[in-house]
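Structure at a glance
As a plain string of letters, each chain reads:
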Amino acid sequence: MKKSNRKAAPAPTTLALVSLGCAKNAVDLQVMAGNLLKEENCVLSADPNRADVVIVNTCAFIASAREEAEAEIRRAVQLKAKGDYGRVVVTGCYPKRYPKAAAKFPGVDIWQGVPEEWIEPKMPELRFTGKAFAYLKIAEGCAHRCSYCAIPAIRGKYRSRPLDSILREAKALLKSGCRELNIVAQDPMLYGIDFGKKAGDGLVELLWELDKLRGRFWVRVLYTYPSEITGAFIDWMNSAKHAVRYMDIPLQHTVPEVLAAMNRRRAIDMSLAAAELMRELVPGVTLRTTIMTGFPGETKARFDRMISDLRRMQFDHLGAFAYSPEKGTKGAALKGRPSRKVAEEREREVMKTAEAIWKARAQRLLGKTFPALVVAPGVARMESQAPDVDGVTFFEGDAEVGSFVDLRLDAVEGFDFAATLT
């Protein structure tokens, strides 16, 4: 018997993935790793703690994010030293912001920041979210210059993704069974400004193109800068068959003096009126916001005024975080900053206010029936529940992941609901 001269195919390279930070960061890692799986001889490791290569995709937005990134990098290096990882690759915002910090982590093989150009995902793409929903990233970078934020220095100027690229990915996602497209960018409302569009116009054009796609699915826009909400966007939300009536409006604060110090002067008037106005213009809309505590100039009186504003506005979902002075930002040099202890105490007070508002609003929903998307066995989300940041709705019974069901809300459990299939 003749021996074959053909060489055996090389064993595939196993990948382990660590995703830190926001949904936009997770999309970057999905594309990077997904393309490796398509183009190279790579497979995902069955054990995330053992692989030929581990990719740690990092965040560096605030101090807690940097601490988390550093801890994960050290962990990966330690596992490499034990022989569990072959190579350690660190990517994302941390190496972009601190290109010389690689010296702190001997054992890291590749230290690279965020990509300068848009990388087209290979279809069908890797997806961390599962079958039912996906994040659809439409732009990179930021055009705002908020005095507290380091994102423009890390991610660069605002760069819109080509429309045909977005639509191509959206069609592929829907074909794969995805039933919710969550539009993400640092500011989706600015989509197309680098193509010569006015703020809001480019996004609305994109949203109407998505609305032409066939089938039952949701389109949810995450992050709507207060002063950029246009009449055309409101019209889309009220009349498009796929539009989710949900607005994530990041106020950061409500007191004009603090907003001015944040370099968010254009948002002052809208920040004070957003909740009431959006409920009037979009009946049934769900509203979320995020508040920052402890920014320079936030006196006790100004903080109390903000709490009063939040109680009046009655946001359905409300998040908060304590200000972290970031090196290289204008905010870090401002005087009058409350202590870290005070900022964290105020953060907790905002969240106590949020919980009280939530409990009262949630009780009024009990006994009512709403459509929901099944995202895992026995777990669904209504239009009023955005992925990862809001609660979920638990139910008993059989329903396929990726299907729409009608749920009657029976009880409130923390920030979640318990419901019955109808």
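Presented here is an overview of the structure given in this document. (Residues numbered from 1 in each chain as written. Predicted model: local features only at pLDDT ≥ 70, side-chain atom pairs only at ≥ 80, totals over all residues. Heavy atoms only, no water.)

1. Notes on unusual backbone geometry
Its identity is not glycine, yet Gln-252 carries a phi of approximately 70 degrees, on the positive side. In this fold, Gln-252 is placed in the loop between strand E11 (246-248) and helix H8 (256-261). Despite not being glycine, Gln-314 shows a phi value in the positive range, around 55 degrees. Relative to the helices and strands, Gln-314 is located in the loop between helix H10 (300-313) and strand E13 (317-322). Since its relative accessible area comes to 22%, Gln-314 is described here as partly exposed. (Helix = DSSP H or I, 4+ residues; strand = E, 2+ residues; numbered from the N terminus. Buried < 20%, exposed > 50% of the residue type's maximum accessible area, 1.4 Å probe, protein only.)

2. Some remarks on the pattern of salt bridges
Summed over all chains, the structure comprises 30 salt bridges. With its nearest N and O atoms 2.8 Å apart, the salt bridge here joins Arg-155 to Glu-140. Residue Arg-155 is found in helix H4 (residues 151-155), and its partner Glu-140 is found in strand E7 (residues 139-140); the two are separated by 15 residues along the sequence. As far as the burial class goes, Arg-155 and Glu-140 line up, both buried. (Salt bridge = Lys/Arg side-chain N within 4 Å of Asp/Glu carboxyl O.)

3. As for the sheet that holds strand E16 (residues 393-396)
Read around the barrel, five strands follow the order E14-E15-E16-E18-E17 and close on themselves; strand pairing throughout is mixed. Strand after strand, the sheet turns through a mean of 50 degrees between neighbouring axes, direction not considered. The pairing of strand E14 (residues 369-376) with strand E15 (residues 379-382) spans four bridges and is antiparallel. Following the sheet pairing, Val-374 is matched in E15 by Ala-380. (Pairing = 2+ DSSP bridges. Axes fitted to C-alpha atoms, helices over the stretch in contact; angles between N-to-C directions.)

4. Section: the layout of surface pockets
Taken as a whole, the largest pocket spans an internal volume of roughly 1,300 Å³. Lining the largest pocket are 48 residues, and of these Cys-22, Ala-23, Lys-24, Phe-61 and Tyr-223 sit closest to its centre. Broken down by secondary-structure element, the contributors of at least two residues to the lining of the largest pocket are helix H1 (23-39), helix H2 (63-81), strand E6 (133-137), H4, strand E12 (286-293) and E13. Counted by class, the lining of the largest pocket contains 28 nonpolar, nine polar and 11 charged residues. In this structure, the second largest pocket spans a volume of roughly 590 Å³. Looking at the second largest pocket, it is lined by 28 residues, and the ones nearest its centre are Asp-28, Met-32, Gln-112, Pro-115 and Ile-119. Looking at the lining of the second largest pocket element by element, the count peaks at six residues for H1. Each residue belonging to the lining of the second largest pocket can be placed in one class, and the counts come to 14 nonpolar, five polar and nine charged. (1 Å grid on protein atoms, 1.4 Å probe; cavity = no way out; pocket = protein on both sides within 12 Å on 5 of 7 lines; lining within 4 Å. Points joined across faces, edges and corners; volume = space filled by probe spheres on them. Nonpolar A, V, L, I, M, F, W, Y, C, P; charged D, E, K, R; others polar.)

5. Observations concerning empty space enclosed by the protein
Summed over all chains, the structure comprises one cavity of 30 Å³ or more. Computed from the structure, the largest cavity encloses a volume of approximately 40 Å³. Here the residues of the lining of the largest cavity sort into six nonpolar, one polar and one charged.

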